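Understanding the architecture of this molecule
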Amino acid sequence: MKKKIAVLGSTGSIGKNLIKILKKDKNNFEIVLLTAEKNYLELSKQAKLFKVKNLIITDKNSYLKLKKKKFSHKVKIYSNFLS
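Residues numbered from 1 in each chain as written. Predicted model: local features only at pLDDT ≥ 70, side-chain atom pairs only at ≥ 80, totals over all residues. Heavy atoms only, no water.

1. Points about helix α2 (residues 40-50)
Every buried residue of α2 is listed here: Y40, E42, L43, S44, Q46, A47 and F50. Along its buried surface, α2 packs onto α1 (13-24), β2 (29-36), β3 (54-57) and α3 (60-67). Phi turns positive, to about 55 degrees, at K51, one or two residues after α2. (Buried < 20%, exposed > 50% of the residue type's maximum accessible area, 1.4 Å probe, protein only. Helix = DSSP H or I, 4+ residues; strand = E, 2+ residues; numbered from the N terminus. Contact = heavy atoms within 4.5 Å.)

Structure follows, in structure tokens:
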């Protein structure tokens, strides 16, 4: 059974290092949530790599850009402001 993981701040230095570790052991972990402040490009890349279904991004402009990205799987994108 895979362990479910949420990575807060996945585009920061610690988050990126954790992603590298999880990438080596994808069979034992399922990332269910990724969060970031502004780096929507890196967040999108990570979501595609791990087929993550839930994303949180706190910067409004980055949120709007991320909403336009295409994913091969269903993704819910959340933010901390009212649209």
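More follows now that the structure is in view.
2. Let's talk about the pairing of strand β1 (residues 3-7)
Consecutive residues of a regular strand have side chains that alternate between opposite faces of the sheet. Direction of pairing for β1 relative to β2: parallel, over a ladder of 5 bridges. Looking at the pairing, A6 lines up with L33 of β2. In this fold, the crossover linking β1 to β2 by way of α1 has right-handed handedness. (Pairing = 2+ DSSP bridges. Right-handed = clockwise from strand over helix to strand, strands pointing away.)

3. Thoughts on the packing of α1 against α2
Two elements in contact, α1 and α2, have axes whose closest approach is 12 Å; the angle formed by their N-to-C orientations is 15 degrees. Judged on the interaxial angle alone, α2 and α1 are roughly parallel. Helix-helix and strand crossings are classified by hand; for α1 and α2 the assignment is left-handed. Contacts from K16, I19, L22 and K23 of α1 reach α2 at E42, Q46, L49 and F50. Considering only residue class, the contact of α1 with α2 consists of 4 nonpolar, 1 polar and 3 charged. (Axes fitted to C-alpha atoms, helices over the stretch in contact; angles between N-to-C directions. Parallel < 35°, antiparallel > 145°, perpendicular 65-115°, else oblique. Left-handed = near helix turned anticlockwise from the far one by under 90°. Nonpolar A, V, L, I, M, F, W, Y, C, P; charged D, E, K, R; others polar.)

4. Quick notes on the nonpolar core
Among the nonpolar cores identified, the biggest contains 18 residues, and I31, L34, L55, L66 and I77 are the most heavily contacted of them. Looking at this core, the elements that each hand over two or more residues are α1, β2, α2, β3 and α3. The element that contributes the greatest number of residues to this core is α2, accounting for 4 residues. The contact partners of I77, leaving out residues within four places of it in the chain, are L55, I57, Y63, L66, K67 and F71. (Core = buried A, V, L, I, M, F, W, Y, C linked by side-chain atoms within 4.5 Å.)

5. Side note on the packing of aromatic side chains
Summed over the entire model, instances satisfying the criterion amount to 0 aromatic pairs. The lysine or arginine in question, K26, covers the ring of F50, its NZ or CZ lying 5.4 Å from the ring centre. One residue, K48, lies across the ring of F71, its end atom 5.6 Å from the ring centre. (Phe/Tyr/Trp six-rings, centres within 6.5 Å; stacked < 30°, edge-to-face > 60°. Lys NZ or Arg CZ within 6 Å of the ring centre and 35° of its normal.)

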